[in-house]
Amino acid sequence: MQFHLKTFALAAFLLGSSAQARPTVLDYWMKVRAQFPGVTFVNADLANDYLEFGGAWEGGGQMAVWRYQGRDLIGLMTTGCGPVCVTTVFKFLDPQQGFRDVTRQVMPKLDEAALLKANRVKVKDIGGEPGFYTFELPQHGTTIHIVSGYDREAVLAKLVFDQKTGRFRFQVVKP
């Protein structure tokens with residue numbers, strides 16, 4: 001009888017802990033994927049809460065999860081191309097609030113003048129126009145890079161995540 005009680009206790013613990021497991025980036029993707037018709041492939045890095053997706057069109061997207069203070073924050077970014085690639089969707093969702101868009105609550109106002117100046121300095125050697133930039137969600141770490149739309153290696157600024165507040169801070173990268 002004691003053996004059965006220990007087995008039952010162990011089974012209850014294991015079932016209880018699996019029920020308490022936090023959703024993965026792929027679990028969250030399954031909830032929001034209807035917003036992105038035409039997606040034909042998804043590459044998920046579950047260990048880093050990061051996912052890339054694409055489809056039959058030019059461009060693609062990224063999704064990342066930031067975990068803080070027992071909460072999750074989902075970032076989504078899509079890029080459309082033709083003739084150049086630009087960010088078409090950039091938002092943050094709160095799964096604890098029914099996937100409500102909380103972009104205004106967690107993202108600071110971007111310093112457009114500083115971004116355009118940094119872009120002009122960093123892309124002058126390749127002859128690009130300084131008029132646009134895009135976002136790269138992090139596969140590793142928690143910082144979003146704002147990169148030149150012409151040279152994705154040219155990091156113009158960063159959105160640095162604060163684990164205590166669940167908000168981002170804008171930081172220009174010096175040329």
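By convention here, each chain's residues receive numbers from 1 onward along its written sequence. Only residues with pLDDT of at least 70 are given local features in this predicted model, and only at 80 or more are side-chain atom pairs given and counted; all residues enter the totals for whole chains, interfaces and linings. Hydrogen atoms and water are omitted, and side-chain values are computed over all heavy atoms in the structure.

**Describing the environment of arginine 71**
Here's step 1: Helical segments are the DSSP runs of H or I of at least four residues, strand segments are the runs of E of at least two, and each set is numbered from the N terminus. Counting through the fold element by element, arginine 71 comes out in strand S4 (residues 71-80).
Here's step 2: The buried label goes to any residue with under 20% of its type's maximum accessible area, the exposed label to any with over 50%, and the partly exposed label to all in between, with areas taken from a 1.4 Å probe on protein chains only. By relative accessible area, arginine 71 is classed as partly exposed at 29%.
Here's step 3: Separated by 49 residues in the primary sequence, arginine 71 and arginine 22 have C-alpha atoms spaced 9.6 Å apart.
Here's step 4: Excluding anything up to four places from it in sequence, arginine 71 contacts Arg22, Trp66, Asp94, Gln96 and Gln97. Contacts are assigned to residue pairs with any non-hydrogen atoms lying within 4.5 Å of each other.

**Details of helix H2 (residues 25-32)**
Here's step 1: Every buried residue of H2 is listed here: Val25, Tyr28, Trp29 and Val32. One face of H2 carries all of its buried residues, which in axial projection span an arc of 105 degrees. Think of it as the arc spanned by the lines of direction from the helix axis to the C-beta atoms.

**A few points about the side chain of lysine 91**
Here's step 1: Turning to its location among the elements, lysine 91 is positioned in strand S5 (residues 86-94).
Here's step 2: Not counting residues up to four positions away in its chain, the partners in contact with lysine 91 are Gln35, Ile74, Gly75, Leu76, Asp101 and Thr103.

**So, the pattern of salt bridges**
Charged atoms that come close allow side chains of opposite charge to pair.
Here's step 1: Within this document, salt bridges are pairs made up of a side-chain nitrogen of Lys or Arg and a carboxyl oxygen of Asp or Glu, the two lying within 4 Å of each other. Inspection of every chain in the model, using the stated rule, returns four salt bridges.
Here's step 2: Here arginine 67 makes a salt bridge to aspartate 49, at a shortest N to O gap of 2.9 Å. Here aspartate 49 lies in the loop between strand S1 (39-45) and strand S2 (50-55) and arginine 67 lies in strand S3 (residues 59-68), a separation of 18 residues in the sequence.
Here's step 3: Between aspartate 72 and arginine 67 there is a salt bridge whose closest N-O contact spans 2.8 Å.
Here's step 4: One salt-bridge network, held together by shared partners, links Arg22, Asp49, Arg67 and Asp72.

**Thoughts on the sheet that holds strand S8 (residues 144-148)**
Here's step 1: Only strands joined by at least two bridges in the DSSP assignment are considered to pair. Read across the open sheet, the four strands follow the order S7-S8-S9-S10; overall the sheet is antiparallel. Every interior strand has two partners, whereas the edge strands, strand S7 (133-136) and strand S10 (167-172), have only one. Here the average twist between neighbouring strands, direction ignored, is 25 degrees.
Here's step 2: With four bridges joining them, S8 and strand S9 (residues 155-162) adopt antiparallel strand pairing. Within S9, the residue paired with histidine 145 across the bridge is lysine 158. In this description, a line fitted to the C-alpha atoms serves as the axis of each element, helices being fitted only across the stretch in contact, and the angle between N-to-C directions of two axes falls anywhere from 0 to 180 degrees.

**Some points on the confidence of the model for the chain**
Here's step 1: Each residue carries a pLDDT value, the predictor's own confidence for that position, ranging from 0 to 100. With 77% of its residues at a pLDDT of 70 or more, the chain shows a mean pLDDT of 82.
Here's step 2: Predicted confidence is poor over residues 1-19, with pLDDT under 50, and the contacts of this stretch with residues over four places away or in other chains come to zero contacts.

**Describing the environment of threonine 78**
Here's step 1: Mapped onto the elements, threonine 78 comes out in strand S4.
Here's step 2: Spatially, the C-alpha atoms of threonine 78 and glycine 59 are 7.4 Å apart, while their sequence positions differ by 19 residues.

**Details of the environment of cysteine 81**
Here's step 1: Structurally, the position occupied by cysteine 81 is in the loop between S4 and S5.
Here's step 2: Residues cysteine 81 and glycine 60, 21 residues apart in the sequence, show an inter-C-alpha distance of 8.9 Å.

**A few points about the packing of aromatic side chains**
Here's step 1: Classification of ring pairs rests on two measures: the distance between centres of Phe, Tyr or Trp rings, Trp counted by its six-membered ring, which must be within 6.5 Å, and the angle between planes, read as stacked under 30 degrees, edge-to-face over 60 and tilted in between. Per the stated rule, a full pass over the model turns up 13 aromatic pairs.
Here's step 2: A centroid spacing of 5.1 Å and a plane angle of 50 degrees characterise the contact between phenylalanine 36 and phenylalanine 53, whose relative ring orientation is tilted. Pair noted here: phenylalanine 36 is in the loop between H2 and S1 and phenylalanine 53 is in strand S2, with a separation of 17 residues, a long-range link.
Here's step 3: The class of phenylalanine 36 is buried, set by a relative accessible area of 9%.
Here's step 4: In this structure phenylalanine 53 comes out as buried when scored by relative accessible area, which is 2%.
Here's step 5: Each ring, one from tyrosine 133 and one from phenylalanine 135, has its centre 6.1 Å from the other, and the planes form 80 degrees; the classification is edge-to-face.

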